[in-house]
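Chain residues, written in single-letter form:
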Amino acid sequence: MQLLDGKYVSNKLKQEIAAEAAELAMQLGRKPHLVAILVGHDGGSETYVASKMKNCEAVGFRSTLIRFENTVTETELLHQIEKLNLDREVDGLIVQLPLPKHIDPEKVTEAIDYRKDVDGFHPINLGRMQRNLPCFIPATPYGITLMLKEYGIETAGKHCVVVGRSQIVGLPMSILMARNTQPGNCTVTLCHSKTENIAKYTQKADILIVAIGKKNFITADMVKDGAVVVDVGMNRETSTETKSGFKLYGDVDFEPVAPKSSWITPVPGGVGLMTIVGLLKNTLAAARKEVYV
Ligand code: GUN
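All figures in this text were calculated on a predicted structure; none of them were measured in a lab. All residue numbers refer to positions counted from 1 along the written sequence of the respective chain. At least 70 in pLDDT is required for a residue's local features to be given in this predicted model, at least 80 for side-chain atom pairs to be given and counted, and no such filter applies to totals for whole chains, interfaces and linings, which use all residues. Side-chain descriptors were evaluated using all non-hydrogen atoms of the structure, hydrogens and water having been removed beforehand.

Turning our eyes to something else, we now look at the packing of aromatic side chains. For this analysis, a ring pair means two rings from Phe, Tyr or Trp (six-membered ring only for Trp) whose centres lie within 6.5 Å, classed as stacked if their planes differ by under 30 degrees, edge-to-face if by over 60, and tilted for the remaining angles. Per the counting criterion, the structure on display carries three aromatic pairs. Measuring from centroid to centroid gives 5.8 Å for Phe136 and Tyr292, while their planes differ by 65 degrees, and the two rings are edge-to-face. Here Tyr292 lies in the segment after helix 10 (271-288) and Phe136 lies in the loop between helix 5 (123-130) and helix 6 (139-150), a separation of 156 residues in the sequence. When its relative accessible area of 1% is taken as the criterion, Phe136 is described as buried. Working definition: with a 1.4 Å probe on protein chains only, accessible area under 20% of the residue-type maximum means buried, over 50% means exposed, and in between means partly exposed. A residue is classified by how much of its surface remains accessible, and Tyr292, at 12% relative accessible area, is buried. The interplanar angle of 50 degrees and the centroid separation of 5.2 Å between the aromatic rings of Tyr151 and Trp263 together place this pair among those described as tilted. With Tyr151 in the loop between helix 6 and strand 5 (159-163) and Trp263 in strand 11 (residues 263-264), this pair connects stretches of sequence that are 112 residues apart. We classify Trp263 as buried; its relative accessible area is 18%. Numbering of helices and strands runs from the N terminus, with a helix taken as a DSSP run of H or I at least four residues long and a strand as a DSSP run of E at least two residues long.

A separate point is the side chain of Lys116. Structurally, Lys116 can be placed in the loop between helix 4 (105-111) and helix 5. Here Asn85 takes part through its backbone oxygen, which lies 2.9 Å from a polar atom of the side chain of Lys116. Residues count as neighbours in contact if any of their non-hydrogen atoms are within 4.5 Å of one another. Apart from residues no more than four positions distant in its own chain, Lys116 is found in contact with Leu84, Asn85, Leu86, Asp87, Val90, Asp91, Gly92 and Leu93. Here a polar contact is taken to be a pair of N or O atoms separated by no more than 3.5 Å, where protein atoms must pair a possible hydrogen donor with a possible acceptor and residues adjacent in sequence count only if both atoms sit in side chains.

DSSP-based pairing: two strands are paired if at least 2 bridges between them are found. The six strands lie next to each other as 1-11-8-7-5-6, forming an open sheet whose pairing is parallel. Two strands lie at the open edges of the sheet, namely strand 1 (2-3) and strand 6 (187-191), each paired on one side alone. Judged from the four bridges that link them, strand 7 (residues 207-210) and strand 8 (residues 228-231) form a sheet pairing that is parallel. Bridge assignment links Ile207 to a residue of strand 8, and that residue is Val228. Angles run from 0 to 180 degrees between N-to-C directions of axes, and those axes are lines fitted to C-alpha atoms, restricted for helices to the stretch in contact. Packing of helix 7 (residues 170-178) onto the sheet brings it into contact with strand 5, strand 6 and strand 7, and relative to strand 6 it is tilted by some 170 degrees.

Below, the discussion takes up the site of the ligand. Nearness is judged by heavy atoms alone; a residue qualifies as near a molecule or strand once a single heavy atom is within 4 Å of it. Taken together, Lys52, Val95, Gln96, Leu97, Asp119 and Phe121 are the residues near the ligand. Val95 is positioned with one of its backbone polar atoms (N or O) 2.9 Å from a nitrogen atom of the ligand. Within the side chain of Asp119, a nitrogen or oxygen atom sits 2.6 Å from a nitrogen atom of the ligand. Summarising the interface, the protein chains cover 83% of the accessible area of the ligand, which totals 280 Å² for the free molecule. Here the term charged refers only to Asp, Glu, Lys and Arg, the term nonpolar to Ala, Val, Leu, Ile, Met, Phe, Trp, Tyr, Cys and Pro, and the term polar to all other amino acids, Gly among them. Here the residues of the shell around the ligand sort into three nonpolar, one polar and two charged. Only the protein chains shown count as cover for residues, and all accessible areas are computed by the Shrake-Rupley method using a 1.4 Å probe.

Before going further, it helps to spend a moment on unusual backbone geometry. With an omega of 5 degrees, the peptide bond running from Leu97 to Pro98 counts as cis. Position of Pro98 relative to the elements: it lies in the loop between strand 4 (92-95) and helix 4. The omega torsion across Val267 and Pro268 is -5 degrees, close enough to zero to call that bond cis. Take Pro268: it is sitting in the loop between strand 11 and helix 10. Even without being glycine, Asn132 reaches a positive phi, approximately 65 degrees. Positionally, Asn132 belongs in the loop between helix 5 and helix 6. Positive phi values are uncommon outside glycine, yet Asn216 reaches one of about 55 degrees. Tracing the backbone shows Asn216 in the loop between strand 7 and strand 8. With relative accessibility at 28%, the residue Asn216 sits in the partly exposed group.

Below, the structure is given as structure tokens:
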């Protein structure tokens, strides 16, 4: 068993991003700039957005956090997005999800200028991804592909099983692994909440990517010997053991699964750190006008 070490890969890639950001800042006369909108005070979202902002500063980007209370109207939010769409000093724009129930996330996602959509959630970016055209790829799937590439994991011709069909992770991941790209060229099975006997599929996976949001969902009996296991789980539980008062659990029961795997991501220290790298790379590409002019 070998670790897919998110700490190592993310630090390495962030150094590269920092060097490229410094060079770009000289050319542009300003730093690449990411704006994040956060609505409300959800604990998880607070943590993720704070980490995104901190990492932007660490690689020499400018970052701006715009906060709204839970009571913000959809119209107010859409107005703010429109202003940021037009602001030439904003390269990347993300709205942290989930949003309160009275706001339609589809409307918000489509309101963001696709050229600034560094989350890669806009239908234009998703459509272009499916067609293998230049686009912003959602940060978590993008980060996972960077990790597989870094460790030289062979994917062509393999059976990849993705568990979870979310718009943010599972569904785009299944498309990336099926595309004629490296990594990619897999035979892909996409399992979800209505799949009968998930174990029947996961047991056949050469590459198993789990993004279902259930602590220790994947047990050792569900994994084939020698599988590559990618755990996207970010299940937060209160804990007296950690400084933050929270402990993070993956979707994979790591201790018994690890010895069966050829490669496996830890939680924490795996995919979560790569998600940030995906976002930073998208933001750099947006500032460079590398994807869209
Ligand atoms: N909520 C959970 N993951 C994400 C993400 O990657 N981007 C945004 N904007 N919200 C999220």
